[in-house]
Amino acid sequence: MTETLEHLLSSIRACRMCRDEPAGAPLPHEPRPVLIGSHQARILIAGQAPGTRVHESGLPFDDRSGDRLRQWLGVDRAQFYDPRNFAIIPMGFCFPGYDAKGSDLPPRRECAPTWRARLMAQMPQIDLILVIGQYAQAWHLGSSRKKNLTETMQAWREIFGETRSPRVLPLPHPSWRNTAWLKKNPWFEAELLPVLQREVWARL
């Protein structure tokens, strides 16, 4: 049977691999995959994994990080959640749980190898990927990724200017825990955000 985006999204939302066939310790709660696929959106937001609030609501970036991300993009909630504007596909679809220090664990290792290439194949209209955080950057940038997040972000012009399709623009995670990083790197808001908003609005 030829795979369709609708069938693929249905399969992902029914996925229990991290509980039933985990790559390591099983997910410590019932899976709830959260993502938005689209046949129309030209922009893909590639994030990390849902947090607790998103796990509860089932809506990507339905938290303070999402509020900041929407500010960065220059869009409101209605525009953000319109699948004609954005596909939202994190590296891990389910909230991964907490580590011993109470921080979110990394995205589950089962998700990206199983689903990501298949999802990208079903969305050929995507021509801009916003890669948020180190896990999405590792997957989508490959050798263009630098040795740490700051160096990758500092190379954003070089990365965005590469002759690749879709084009890729790296972003730090919009978590409020990154407020100190943003204050130390004022060029992000002064130089990158105007380009980000221009590229977003050219595709809406």
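Predicted, not measured: the structure shown is a model, and the values here were computed from it.

A. Spotlight on the side chain of Arg108. Assignment of secondary structure puts Arg108 in the loop between β2 (86-88) and α6 (111-121). Within the local environment of Arg108, its side chain forms a polar contact with the backbone oxygen of Ala25, the two atoms lying 2.8 Å apart. For Arg108, the residues in contact, after removing those within four places along its chain, are Cys18, Pro22, Ala23, Ala25, Pro26, Leu27 and Gly92.

B. Quick look at the packing of aromatic side chains. Per the counting criterion, the structure on display carries eight aromatic pairs. Their ring planes at 70 degrees and their centres at 4.9 Å tell us that Trp72 and Phe188 sit as a pair that is edge-to-face. Residue Trp72 is located in helix α4 (residues 64-73), and its partner Phe188 is located in helix α11 (residues 187-201); the two are separated by 116 residues in the primary sequence. By relative accessible area, which is 4% here, Trp72 ends up buried. Residue Phe188 is classed as buried on the basis of its relative accessible area, which comes to 0%. Measuring from ring centre to ring centre gives 6.1 Å for Trp181 and Phe188, while their planes differ by 70 degrees; the resulting arrangement is edge-to-face. Side by side, Trp181 and Phe188 carry an identical accessibility label, which is buried. Among the aromatic side chains, those forming a connected cluster through ring pairs are Phe61, Phe80, Tyr81 and Phe86. Here the basic side chain of Arg167 rests over the ring of Phe160, its NZ or CZ set 3.8 Å away from the ring centre.

C. Region of the structure containing the nonpolar core. Ranked by internal contacts, the top residues of the largest apolar core, which has 29 residues, are Ile45, Leu73, Phe188 and Leu196. Among the elements of the structure, β1 (43-46), α4, β2, β3 (128-132), α9 (156-160), β4 (167-171), α10 (179-184) and α11 are those that each provide at least two residues to this core. Ranked by residue count, the leading element in this core is α11, at seven residues. Core analysis: the second largest hydrophobic core is formed by 25 residues, Leu8, Leu35, Ile126 and Ile159 among them.

D. Geometry of empty space enclosed by the protein. Evaluated as defined, the whole model comprises one cavity of 30 Å³ or more. Its boundaries defined by the atoms lining it, the largest cavity holds a volume of some 80 Å³. The wall of the largest cavity is formed by Ile12, Cys15, Met17, Cys18, Pro31, Pro33, Phe93, Cys94, Arg108, Glu110, Cys111 and Trp115. Those elements that place two or more of their residues in the lining of the largest cavity are α2 (17-20) and α6. Split into classes, the residues belonging to the lining of the largest cavity amount to 10 nonpolar, no polar and two charged.

E. Focus on the sheet that holds β3. Taken in spatial order, the four strands make up an open sheet running β2-β1-β3-β4, and their pairing is parallel. Among the strands making up the open sheet, the edge pair consists of β2 and β4. Pairs of neighbouring strands in the sheet enclose a mean axial angle of 20 degrees, with direction left out of account. Where β1 lies against β2, three bridges are found, and the strand directions are parallel. Looking across to β2, one finds that Ile45 is bridged to Ile88.

F. Quick look at the environment of Asn85. With respect to the element layout, Asn85 can be found in the loop between α5 (77-80) and β2. You can call Asn85 buried: its relative accessible area is 11%. The sequence separation of Asn85 and Leu204 amounts to 119 residues, and the corresponding C-alpha distance is 5.6 Å. Here Asn85 is in contact with Ala41, Arg42, Ile43, Gln79 and Leu204, once residues within four sequence places are set aside. A distance of 3.0 Å separates a polar atom in the side chain of Asn85 from the backbone oxygen of Gln79.

Definitions and limits used
Residues numbered from 1 in each chain as written. Predicted model: local features only at pLDDT ≥ 70, side-chain atom pairs only at ≥ 80, totals over all residues. Heavy atoms only, no water. Helix = DSSP H or I, 4+ residues; strand = E, 2+ residues; numbered from the N terminus. Polar contact = N/O pair within 3.5 Å; in protein donor to acceptor, adjacent residues only side chain to side chain. Contact = heavy atoms within 4.5 Å. Phe/Tyr/Trp six-rings, centres within 6.5 Å; stacked < 30°, edge-to-face > 60°. Buried < 20%, exposed > 50% of the residue type's maximum accessible area, 1.4 Å probe, protein only. Lys NZ or Arg CZ within 6 Å of the ring centre and 35° of its normal. Core = buried A, V, L, I, M, F, W, Y, C linked by side-chain atoms within 4.5 Å. 1 Å grid on protein atoms, 1.4 Å probe; cavity = no way out; pocket = protein on both sides within 12 Å on 5 of 7 lines; lining within 4 Å. Points joined across faces, edges and corners; volume = space filled by probe spheres on them. Nonpolar A, V, L, I, M, F, W, Y, C, P; charged D, E, K, R; others polar. Pairing = 2+ DSSP bridges. Axes fitted to C-alpha atoms, helices over the stretch in contact; angles between N-to-C directions.

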